[in-house]
Each structure stands twice: as C-alpha cells, then as structure tokens.
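A look at the structure
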Amino acid sequence: MVALAAASPLGAQPAKSQLPPTPAAQQIFERDWVLMNWALKYYDADRDVLLEPNEAQAAAEAFRRIADADGDGRVTTLEYRQARAFILARY
Ligand SMILES: [Ca+2]
Ligand SMILES: [Ca+2]
C-alpha cells in the first residue's frame with residue numbers, strides 16, 4: 001500500500017476571509033458578573049455599558065493573559081478561579 005495523502009487536491013470549499021467573533025468570549029462575561037464588571041470597566045471601548053463581540057474578544061484575551069499562570073495557552077478551572085479572585089481583590 002502507498003500513502004497518497006500529499007497528492008490530494010484542495011477541496012471546493014471557499015476560503016473564509018475572516019473568522020466570526022467567538023460567542024464563547026461573550027459567554028465568559030455573561031456568566032460571571034465579576035468578570036463582566038471588569039470587562040466593562042476596561043474594555044467597553046464605546047462606553048455604552050454593553051460588551052460587544054469585539055470588546056468581549058479583547059477582554060477575553062486580556063483575561064487569558066492574566067489567568068494563564070503557567071502559560072500553556074489554556075485556562076484551567078483552578079486558573080480561572082485564581083484570576084477571578086485576583087480581579088475581585090484588585091479591581
Ligand atoms: Ca460597548
Ligand atoms: Ca494554563
């Protein structure tokens with residue numbers, strides 16, 4: 001048997017020019033008022049007291065930088081709790 005994986009042509013699917021904003025970013029804040037207050041305070045760029053998808057995205061990225069203590073790119077439940085406590089105490 002011969003593997004021909006490298007020879008397969010590209011599929012007919014159109015390339016996506018951009019990714020849609022992840023709803024997950026907003027859910028993080030809708031679920032937790034501590035994080036929502038923090039996000040609105042620092043990332044509500046247009047000051048309408050609503051966290052639009054782009055603002056939620058920026059806030060989620062900032063939160064991940066704060067929370068991901070071991071820098072593996074993932075926020076575990078423990079890291080999430082510690083970051084939430086940190087934000088609650090400091091902001
Ligand atoms: Ca806003
Ligand atoms: Ca981590």
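In this text the structure is predicted, and so the values were computed from the model without any measurement.

**Concerning the packing of helix H1 (residues 23-30) against helix H3 (residues 53-67)**
One way to put it is that H1 packs onto H3 with a least axis distance of 8 Å and a crossing angle of 75 degrees. One finds that H1 runs roughly perpendicular with respect to H3. Residues Ala25, Gln26, Ile28 and Phe29 of H1 form the contact with H3, whose own contacting residues are Pro53, Ala56, Gln57, Ala59 and Ala60. A class-by-class count of the residues in the contact of H1 with H3 yields seven nonpolar, two polar and no charged.

**Description of the coordination of the calcium ion (ligand 1)**
Only Asp44 (OD), Asp46 (OD), Asp48 (OD), Leu50 (O), Glu52 (OE), Glu55 (OE) and Glu55 (OE) from the protein coordinate the calcium ion (ligand 1), and they sit 2.2 to 2.6 Å from it. Given the relative accessible area of 32%, aspartate 48 is considered partly exposed.

**Let's talk about the coordination of the calcium ion (ligand 2)**
Distances from the calcium ion (ligand 2) to its protein donors, Asp68 (OD), Asp70 (OD), Asp72 (OD), Arg74 (O), Glu79 (OE) and Glu79 (OE), fall at 2.2 to 2.5 Å. Positions of the donor residues of the calcium ion (ligand 2) along the chain correspond to the pattern D-x1-D-x1-D-x1-R-x4-E. With a gap of eleven residues between them, aspartate 68 in the loop between H3 and helix H4 (77-90) and glutamate 79 in helix H4 connect regions that are remote in the sequence. Here aspartate 68 and glutamate 79 have matching classes, each one buried.

**Considering the side chain of glutamate 55**
Note on placement: glutamate 55 falls in helix H3. Although glutamate 55 is buried, it makes no salt bridge; arginine 47 carries the closest opposite charge, 8.9 Å away. A distance of 3.5 Å separates the side chain of glutamate 55 from the backbone nitrogen of aspartate 46, its partner in a polar contact. Beyond its immediate stretch of four places on either side in the chain, glutamate 55 contacts Tyr43, Asp44, Ala45, Asp46 and Leu50.

**What to know about unusual backbone geometry**
At arginine 47, a position not held by glycine, the phi torsion is positive, near 55 degrees. Mapping arginine 47 onto the fold places it in the loop between helix H2 (33-43) and H3. A positive phi angle is found at valine 49, which is not glycine, with a value near 60 degrees.

**Focus: the environment of lysine 41**
Checked against the element boundaries, lysine 41 lands in helix H2. You can call lysine 41 partly exposed: its relative accessible area is 49%. In this view, lysine 41 contacts Arg47 and Tyr91; residues no more than four positions away in its chain are not counted.

What counts, and where the lines are drawn
- Residues numbered from 1 in each chain as written.
- Chains lettered and ligands numbered in written order.
- Predicted model: local features only at pLDDT ≥ 70, side-chain atom pairs only at ≥ 80, totals over all residues.
- Heavy atoms only, no water.
- Axes fitted to C-alpha atoms, helices over the stretch in contact; angles between N-to-C directions.
- Helix = DSSP H or I, 4+ residues; strand = E, 2+ residues; numbered from the N terminus.
- Parallel < 35°, antiparallel > 145°, perpendicular 65-115°, else oblique.
- Contact = heavy atoms within 4.5 Å.
- Nonpolar A, V, L, I, M, F, W, Y, C, P; charged D, E, K, R; others polar.
- Donors = N, O, S within 2.8 Å, 3.2 Å for Na, K, Ca; no water.
- Buried < 20%, exposed > 50% of the residue type's maximum accessible area, 1.4 Å probe, protein only.
- Lys, Arg positive; Asp, Glu negative; His and termini not counted.
- Salt bridge = Lys/Arg side-chain N within 4 Å of Asp/Glu carboxyl O.
- Polar contact = N/O pair within 3.5 Å; in protein donor to acceptor, adjacent residues only side chain to side chain.

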